[in-house]
There are 2 protein chains.
Amino acid sequence: MDSAGGGRQAKYVRIADELRAGIQSGRYGPGDRLPGENDLMAAHGVARMTARAALGVLQHEGLAEARKGAGVFVRGLWHSPTRRRGIQRLAQERWGAGRSVWADEAGERELVVDQVEVWEEAAGEPVASVLGVAVGAAVWVRSRRFVLDGKPVMTAVSWLPGDIVAGTPVTEADTGPGGTYARLAELGFGPVRFREEIRSRMPSAEEAERLRLGAGTPVVVVVRTAFAEGGRVVEVNEMTLDAGSYVLEYEFDA
Amino acid sequence: MDSAGGGRQAKYVRIADELRAGIQSGRYGPGDRLPGENDLMAAHGVARMTARAALGVLQHEGLAEARKGAGVFVRGLWHSPTRRRGIQRLAQERWGAGRSVWADEAGERELVVDQVEVWEEAAGEPVASVLGVAVGAAVWVRSRRFVLDGKPVMTAVSWLPGDIVAGTPVTEADTGPGGTYARLAELGFGPVRFREEIRSRMPSAEEAERLRLGAGTPVVVVVRTAFAEGGRVVEVNEMTLDAGSYVLEYEFDA
DNA sequence: TAGTGGTCTAGACCACGTT
DNA sequence: ACGTGGTCTAGACCACTAT
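Note that the structure is a prediction, hence the values are computed from the model and not measured.

Definitions and limits used
Residues numbered from 1 in each chain as written. Chains lettered and ligands numbered in written order. Predicted model: local features only at pLDDT ≥ 70, side-chain atom pairs only at ≥ 80, totals over all residues. Heavy atoms only, no water. Pairing = 2+ DSSP bridges. Helix = DSSP H or I, 4+ residues; strand = E, 2+ residues; numbered from the N terminus. Axes fitted to C-alpha atoms, helices over the stretch in contact; angles between N-to-C directions. Parallel < 35°, antiparallel > 145°, perpendicular 65-115°, else oblique. Left-handed = near helix turned anticlockwise from the far one by under 90°. Contact = heavy atoms within 4.5 Å. Least-squares fit on C-alpha atoms with pLDDT ≥ 70 in both. Buried < 20%, exposed > 50% of the residue type's maximum accessible area, 1.4 Å probe, protein only. Buried area = accessible area lost by both parts, 1.4 Å probe. Salt bridge = Lys/Arg side-chain N within 4 Å of Asp/Glu carboxyl O. Polar contact = N/O pair within 3.5 Å; in protein donor to acceptor, adjacent residues only side chain to side chain. Nonpolar A, V, L, I, M, F, W, Y, C, P; charged D, E, K, R; others polar. Near = heavy atom within 4 Å.

K.L.:
Describe in detail the sheet that holds strand β6 (residues 151-161) of chain B, supporting the description with residues and values.
P.N.:
As a general point, the strands of a sheet are linked pairwise by backbone hydrogen bonds and lie either parallel or antiparallel. With mixed pairing, the eight strands of this open sheet are ordered in space as β3(A)-β10(A)-β7(B)-β8(B)-β9(B)-β6(B)-β5(B)-β4(B). The sheet is open, and its two borders are formed by β3 (82-85) of chain A together with β4 (111-122) of chain B, each paired with just one other strand. Each neighbouring strand pair of the sheet contributes to a mean axis angle of 15°, computed without reference to strand direction. For β6 of chain B and strand β9 (residues 233-242) of chain B, the ladder comprises six bridges, and the chain directions are antiparallel. When the bridges of β9 of chain B are listed, A156 of chain B appears paired with M239 of chain B.

Here's what the structure looks like:
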């Protein structure tokens, strides 16, 4: 009846361990259905909530996902995460040539950019600080979502100084060939140096919905700061990635 | 009595939303105790398991952590994550000067390297492939854990080609001043180029224990490949980081 | 000792997907 | 129609922490 009586471990932990071992050994392959609540109740003589707890462990570890009315299935870790080459993708030749930075990352797959919103606002404290403008100064904000083969993989929000981009195509939904960086270059503020900061955490409920993340899937947050000649910050871009959809790569000399 | 009857949302979701709003608004600050199971049962007229479910949501989001016998507390996100400068830290001047790559990252804090193990083994398929050696060839493996101010923050496993490092200090627990890279340089195989691949996922139960991770904390996996002059791979290092303890930074030119 | 979270039971109704 | 996971109840005992 109690938890510590029989063994040292909680029942649901032991059941979860057993299922996990089955996944790692290949007895349950990607896409396979795991024993369900009723199966586990019968096999281990436990209550429904205990069986659920065991399955919940695997879901929170990202190893399995539940589909209502169907069962709990082993996750396909991972289909084919996008390789994002942090340094080469931002080489000037890319956007200088009018080529979208995102296009060749997608490869053969269909990339859709949706939920595009662009607006002007007054810089609050944190934004003003990183952009290097006065609090209350006009900044333009670009927000959008990237969907690859029907699966949302990233959201991004950019902040740009209003005194540079006001009245230019950067404030339009479509920034034209080469994107924002090509336009900034034409304005004499082409980025010459970048800094990317990478964090990872669990998503908020809203982020999980917008990226359609299953339980047990973290997000990777990349904050890129773009510097023009002279050191002025011309863009700050905060990207929120589905951790399962991306591998970030940086290659550099010693 | 039912879930969909009263509102659209499950009760535990609404309770979790309310608590989350309280955290984000600052009503509950970092380190504060949240209303406990009994409080929520009384306040919302729900059963214990329902109150638990609500608190569980916040814990899995990484916003709160439970302490047995004490309560559920708002997490201190984040104390002071280590800033890991991916590119500068591997500049030749660093390890060339006999300075540990890890030392100045730790700053004032106390860094302990423990659980050090070094052994020789025959390369399996995946390792042979990335190291560029034959399957079955001798490789040396270095495994260790990094503990910062008493908190484990990273584990690391390195693989090195046996034909280069056999019989050298690289196969000892202590590799001496400048570490492995300085020794490789003395052997004529100093790294001149690096590639780092970054992924993020939820930890396994074992990883969570070894890094003492609370629920809702992902790990970041960094796989670094070091290339010597001529392109030969001289080391592959797989690092598993507590996502809450690190910010990775890469700074580079366009 | 009193209160806390951790585990567990044995029921129940629901929305959903597959058959 | 049936089985699935999702939610919920009203109890219970335990180990742990704080007082």
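K.L.:
Mind laying out the packing of helix α1 (residues 11-24) of chain A against helix α3 (residues 48-60) of chain A, listing which residues take part and the relevant values?
P.N.:
All names here are of chain A. Where α1 meets α3, the axes come as close as 8 Å, and the angle between the chain directions of the two elements is 45°. As the angle between them shows, α1 and α3 are arranged oblique. As α1 packs across α3, the resulting crossing turns out to be right-handed. Listed contacts from α3 to K11, Y12, I15, A16, L19, R20 and I23 of α1 are T50, A53, A54, L55, V57 and L58.

K.L.:
Go over the relation of the copies chain B and chain A, please, and point to the residues and values.
P.N.:
Least-squares fitting of chain B to chain A yields an RMSD of 0.0 Å, with the transformation described by 0.0 Å of translation along the axis and a rotation of 180°. Both chain copies can therefore be described as sitting about a two-fold axis.

K.L.:
Describe the environment of R83 of chain A, with residues and values.
P.N.:
Along the chain, R83 of chain A turns up in strand β3. Assessed through its relative accessible area of 29%, R83 of chain A is described here as partly exposed. With 162 residues separating them in the primary sequence, R83 of chain A and S245 of chain A have C-alpha atoms 8.8 Å apart. Apart from the residues within four sequence positions on either side, R83 of chain A is in contact with E105, V247 and E249 of chain A together with E197 of chain B.

K.L.:
Can you lay out the interface of chain B and chain A for me, pointing to particular residues and giving the numbers?
P.N.:
Accessible area lost upon the coming together of the parts is a frequently used measure of interface size. The interface is formed by 38 residues belonging to chain B together with 38 residues belonging to chain A. A combined buried area of about 3,600 Å² lies between chain B and chain A, and 59% of that area is made up of carbon and sulfur atoms. Applying the counting criterion to the chain B and chain A interface returns six salt bridges. For the salt bridge of E197 of chain B with R83 of chain A, the shortest nitrogen-to-oxygen distance reads 2.0 Å. Our count for the chain B to chain A interface comes out at 15 residue pairs in polar contact (both at pLDDT 80 or more). Looking at the side of chain B that touches chain A, the elements with two or more residues in it are α3 (48-60), β7 (191-201) and β10 (246-253) of chain B. Per-element tally for the side of chain B that touches chain A: the top contributor is β7 of chain B, with 11 residues. Classifying every residue of the side of chain B that touches chain A by side-chain character gives 21 nonpolar, five polar and 12 charged. Here strand β10 (residues 246-253) of chain A runs beside β7 of chain B; their pairing, made up of six bridges, is antiparallel.

K.L.:
Give a description of the protein's contact with DNA strand D that names residues and reports values.
P.N.:
Near DNA strand D lie 26 residues; those nearest to it are N38 of chain A together with K11, A47, T50 and K68 of chain B. Sugar plus phosphate, as a fraction of atoms of DNA strand D within 4 Å of the protein: 74%. Here a phosphate oxygen of DNA strand D and a side-chain polar atom of N38 of chain A are 2.4 Å apart. At a separation of 2.9 Å, a phosphate oxygen of DNA strand D approaches a polar side-chain atom of Y12 of chain B. When residues of the surface near DNA strand D are traced back to their parent elements, those giving at least two are α2 (37-44), α3 and β2 (71-74) of chain A together with α1 (11-24) and α3 of chain B. Taken together, the residues of the surface near DNA strand D break down into 10 nonpolar, eight polar and eight charged.

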